[in-house]
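The residues making up each chain are set out below.
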Amino acid sequence: MAHICILGNGIAGVTAARHIRKLSEHRITLISGEASYFFSRTALMYVYMGHMAWKDLEPYPRTFWQDNRIEILYDMVAAVDFEEKKMILASGRSVHYDQLILATGSVPVRPEWPGQNLRGVGKLYHKQDLEALESWTPQVRQAVIAGGGLIGIELAEMLHSRGKEVSLLIREPAYWAGVLPMPEANLVSRHILRQGIDLRQGHQVREIKSHDGERVSSIVTQDGSEIDCQYLGITIGVRPNIDLFQNSPLEMDRGILVDSFLRTNLPDVYAIGDCAQLKNPRPGRRSVEAVWYTGRMMGKTVAKTICGHSEEYDPGIWFNSAKFFDLEYQVYGQVSPVDPPSIASLYWQHPNEEKSIRICYDKASQEVTGFNLMGIRFRQEICDRWISQKANLKEVLSSVRLAFFDPEFYRDHAPQLIRAAREQTGLDVQLTRPWTLNAVLQFMKK
Amino acid sequence: MKANSNGSIFHPDTRVPLKWISLGFGLLGMGWMVAVSLGSLVPSAFSLILSFLLMTLGVVGYAVYLYAFVQPGIRNNQNIPSSLGSRGWLAWILALILTGFYVILYWFPAMLGLGDAENRGLVALFDPLSFALKGQKASQWFVYGSLYTLAILLFGIKFIWKYRHSRYQQFRTLSVIFFQLAFAFLLPELMLGLNLPYNDFKNMWPLNYYFFDGWHIEELLKAGNIGWLMLVWGILMIVLVSPVLTYLYGKRWYCSWVCGCGGLAETAGDPFRHLSDKSVGAWKLERWMIYSILVLCVLMTAGVLYSYQSGQARMLGLDTAWLRSSYGFVIGAAFSGVIGVGFYPLLGSRVWCRFGCPMAAILGIQQKYLSRFRITTNGGQCISCGNCSTYCEMGIDVRAYAQRGQDIVRASCVGCGICSAVCPRGVLRLENGSLDLFDRAQKARNED
């Protein structure tokens, strides 16, 4: 029986702990200085908005850890001695490990703007960021969010829900234009404006100002305009949280470098989740993927390897989802802001509602490579099957209803999509499959 | 705030007067009724219409305040920290008022003004409506039925507005409003006016626990053909209509589309849905309680029928009349009414449906073992945020299933669809399909 220490109790670390327990009798210690109990980081916004209480964020009851003999250590790690296989905690204690899983997650990127240590300048990543924001909120009338990624728009929604005047500054010409194709990015931008957010596209912060030298009072953008604010949220991205391991023998680049078994260069040390950087990512995948489900998958994979059922990390076909205010977004497979030369995309957008479907396919082989959905839900297992089995566009279109995952009684947009497909591709397509669960299950069995 | 070209933007502060004006109207309407009840105001058709109108303005005005100035979407903002939404003092006051009303209604109707020859106070206030519908004076039950229907109607309008982006929620709410208004309220009252037996065609044993009472059977038999029809329909509902519909669509066809208890829970009870207990302990308690009450109800009904058939007062040594009246007192009145609705602000809106209703117990068994209905989860898209579990009024820990990609087949699920609506990642879908009911779920469970 070995002592396995897991540094970080996010989704990656916790999934690893759960699966190690399922597969073995090892002693497991889960260490975090952020919160004693695992919580869903992705739902921090809902606590601020008053949709959920803190305890609702915890996916497992608090008795779960003791019941599964997972020891919880609420402390910061000050240093790791990889030679001696021990960790020095902030409290002064040291903990010996036999195997170590690093699951330290991400940290927000800090810009080089003057004034970023003023009161009222914040971020949204850790539990403590939320607490700071909550304590500042009564003094905030106007807020500026700098950075238009997934966290920036969450912060904008949060502050807006509490009646604050929000300006959202983004560098790109439309929201998330570095990831979304332009029509979809414009759809989101319009949606943001419609909510009453002062969205400023192509803007960046140049300087943070303060009247009293303590608290933020305004920001100046690069074109010289000044916006008053009592809160500035900086959300220009995240990076692997690896500062603790600088000057250690651990091999790192942007993140902690790992092989396909999630092993680092040091014996008995593994890295998973946001902090890990794959040396050889699968084709079409990035080396660092800071999303929830890859953390979960890595946690499960590393548990198998540690428990003697070695398994290579295989994240499968890329997918993701988000919600921009009230606009849902899903992606399956590869969708680029601009189609690469060999790829074409079929795009349908609802004439007056905020809904769109994009299907990317290989021009030569007609194989479908990706789906991008706004305001419409698709079924992952179906999209995954089509992409992994290289289904061709005509086949996908004719049975596209199999993928629809919108609730019952929602409008069936298949005929409009087919009309668009005929116009854009000249394909002669007929809808064949009904929109029923049995049809889906039969298809999945084949 | 900067207005923009895409729509009028009101700063939330500018709508605050509307909030207080609406609350004022609503409270004035209720206050008017209380004043009539206490004898300070004379009951009249004018008073009745005025108080209904004021309450309507109150609820609809409040819905306008909440939803008319914002884009459609999930708007549970500041729901949890509010006093009413977190068992604060407002919630306790409301719970006291509601439970107090039920206690008076069930056991002290004279306090509401019910009189042998002539009504006074609140009951008299409803006399004009009662005469208009059936040519008789009102009873306390008529008052209750009217207020109950009004609550479903008004809070139903508020709910539809809240979920104006969801056709499932709209259709479902229109359905509960229709069944309450037409089947539970207007039709039975009009039939009484025509000297026909009182009958709610959508109500069913064992929720309607008096269906097999001797007096009820007698009443139906005395009414001739139409009475026979009601009797046969009532039995057909139990043995045929309900099992078939539950097989096809799950128990939701009844619990969140048709049922009056469900109707109130889904509309007036909506602000309290998150108060349901999600713990495993509560789930255990739920199973013990609901199936015990079902057994009790079956026993009671068998006893009543036995006594009716044989003329014997006792079955297996049990006094069946005592059994029947005890069930009516403890389960029918105290549980379903006083606790079921009175405790909305403290225990959530589905306490009766989850822990007490024998009808829900039967439909639940059918749903679990003999139904195509399940909630499917969308592969790996779940981010464990917990909105689904938080807003499940039946206390199901939906997230526990969703985060491992497991289909959800639970006896208690009433299929309200709110988990699917509040999910930010499009993970949950209510579906009907006869194939692969348990294997998929078992596989996901084993792999997690």
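Positions within a chain are numbered from 1, following the residues in the order the chain's sequence is written. The order in which chains are written sets their letters, starting at A; the order in which ligands are written sets their numbers, starting at 1. Restriction of local features to residues with pLDDT of at least 70 applies here, the model being predicted, together with a cutoff of 80 or more for giving and counting side-chain atom pairs; totals for whole chains, interfaces and linings are based on all residues. The basis for every side-chain value is the complete set of heavy atoms in the structure, and neither hydrogens nor water enter the calculation.

### Observations regarding the pattern of salt bridges
Residue and element names in this part refer to chain B.
For step 1, the next point in the chain: The working definition used for a salt bridge is a side-chain nitrogen of Lys or Arg within 4 Å of a carboxyl oxygen of Asp or Glu. Scanning the entire structure with this criterion turns up 41 salt bridges over all chains.
For step 2, the next point in the chain: The partner of Lys443 in a salt bridge is Glu447, with the nearest N and O atoms 3.7 Å apart. With Lys443 and Glu447 both in helix H20 (residues 439-447), this residue pair falls four residues apart, about one helical turn.
For step 3, the next point in the chain: With a relative accessible area of 43%, Glu447 lands in the partly exposed category.
For step 4, the next point in the chain: Taken together, the salt bridges that share partners define one network made up of Lys162, Arg172, Glu266, Asp270, Arg273, Arg350 and Glu393. Secondary structure elements follow DSSP: runs of H or I no shorter than four residues count as helices, runs of E no shorter than two count as strands, and numbering proceeds from the N terminus. Using a 1.4 Å probe on the protein chains alone, a residue whose accessible area is under 20% of its type maximum counts as buried, one over 50% counts as exposed, and one in between counts as partly exposed.

### Things to note about the side chain of B:Gln403
For step 1, the next point in the chain: Among the structural elements, B:Gln403 can be located in the loop between helix H18 (398-402) and helix H19 (418-422).
For step 2, the next point in the chain: Counted as a polar contact is a pair of N or O atoms within 3.5 Å, where, for protein atoms, one must be capable of donating a hydrogen and the other of accepting one, and residues adjacent in sequence contribute only when both atoms are in side chains. Side-chain polar atoms of B:Gln403 contact the side chain of B:Ser384, separated by 2.7 Å.

### Remarks on the domain arrangement of chain B
For step 1, the next point in the chain: Here the bounds of each domain stem from an automatic or database domain assignment. When cut into domains, chain B gives domain 1 (1-71), domain 2 (270-361) and domain 3 (373-447).
For step 2, the next point in the chain: Computed from C-alpha atoms alone, the centre-to-centre distance between domain 1 of chain B and domain 3 of chain B is 37 Å.

### Quick look at the domain arrangement of chain A
Residues and elements named next belong to chain A.
For step 1, the next point in the chain: Once the domains are mapped, chain A shows domain 1 (3-107 + 239-306), domain 2 (121-236) and domain 3 (319-445).
For step 2, the next point in the chain: If you average the C-alpha positions of domain 2 and of domain 3, the two centres end up 33 Å apart.
For step 3, the next point in the chain: Two residues form a contact once any of their heavy atoms are found within 4.5 Å. On the domain 3 side, the residues contacting the 23 residues of domain 2 number 17 residues.
For step 4, the next point in the chain: Defined here as a combined quantity, buried area equals the accessible surface (1.4 Å probe) lost by two parts on assembly, summed across both. Ranking the residues of domain 2 by area buried against domain 3 places Glu184, Leu187 and His191 at the top, with a combined share of 33%.
For step 5, the next point in the chain: Remark: the boundary between domain 2 and domain 3 carries two salt bridges.
For step 6, the next point in the chain: With a closest N to O distance of 3.0 Å, Arg194 and Glu354 form a salt bridge.
For step 7, the next point in the chain: Between domain 2 and domain 3 we count six residue pairs in polar contact (both at pLDDT 80 or more) in total.
For step 8, the next point in the chain: Of all the secondary structure elements, the ones that give two or more residues to the side of domain 2 that touches domain 3 are helix H5 (150-161) and helix H6 (182-194).
For step 9, the next point in the chain: For the side of domain 2 that touches domain 3, the element with the most residues is H6, which contributes nine residues.

### Focus: the packing of aromatic side chains
For any pair of aromatic rings, geometry is given as the distance between the ring centres together with the angle between the planes.
All names here are of chain B.
For step 1, the next point in the chain: Working definition: rings of Phe, Tyr and Trp (its six-membered ring) pair if their centres are within 6.5 Å, and the pair is stacked with planes under 30 degrees apart, edge-to-face with planes over 60 apart, and tilted otherwise. Summed over all chains, the structure comprises 44 aromatic pairs over all chains.
For step 2, the next point in the chain: Ring centres 5.0 Å apart and planes at 50° place the aromatic pair Trp107 and Phe329 in the tilted group. A residue pair is termed long-range when its members are at least 10 positions apart, and Trp107 in helix H3 (residues 89-107) and Phe329 in helix H13 (residues 320-339) qualify at 222 residues.
For step 3, the next point in the chain: Note on Trp107: relative accessible area 32%, which makes it partly exposed.
For step 4, the next point in the chain: Its relative accessible area of 45% is what places Phe329 among the partly exposed residues.

### Points about empty space enclosed by the protein
All names here are of chain B.
For step 1, the next point in the chain: Here the term cavity refers to a set of points on a 1 Å grid, laid over the protein atoms alone, in which a 1.4 Å probe fits but cannot get out; the term pocket refers to an open set having protein on both sides within 12 Å along at least five of seven lines, with lining residues being those that place an atom within 4 Å of a point. Grid points are joined across faces, edges and corners, and a volume is the space filled by probe spheres set on the points. Taken as a whole, this structure holds nine cavities of 30 Å³ or more when the rule is applied.
For step 2, the next point in the chain: If you add up the space inside the largest cavity, you get close to 120 Å³.
For step 3, the next point in the chain: Forming the boundary of the largest cavity are 15 residues, of which Cys392, Val398, Cys413, Cys416 and Cys419 lie nearest the centre.
For step 4, the next point in the chain: Looking at the lining of the largest cavity residue by residue, the class counts come to 13 nonpolar, two polar and no charged. Note on residue classes: Ala, Val, Leu, Ile, Met, Phe, Trp, Tyr, Cys and Pro are nonpolar, Asp, Glu, Lys and Arg are charged, and everything else, Gly too, is polar.

### Quick word on the sheet that holds strand E13 (residues 205-209) of chain A
All names here are of chain A.
For step 1, the next point in the chain: Strand order in the open sheet made by the three strands is E13-E14-E15, with antiparallel pairing throughout. Either end of the sheet is taken by a strand with one partner, and the two such strands are E13 and strand E15 (226-228). Ignoring strand direction, the axes of neighbouring strands in this sheet form an average angle of 20°.
For step 2, the next point in the chain: Sheet topology note: the E13/strand E14 (residues 218-221) ladder contains four bridges and is antiparallel. Each bridged residue has a counterpart across the sheet, and for Val205 the counterpart in E14 is Thr221. Any two strands with at least two DSSP bridges between them are considered paired. Here an angle of 0 to 180 degrees is reported between the N-to-C directions of two axes, which are lines fitted to C-alpha atoms, with helices fitted over the stretch in contact.

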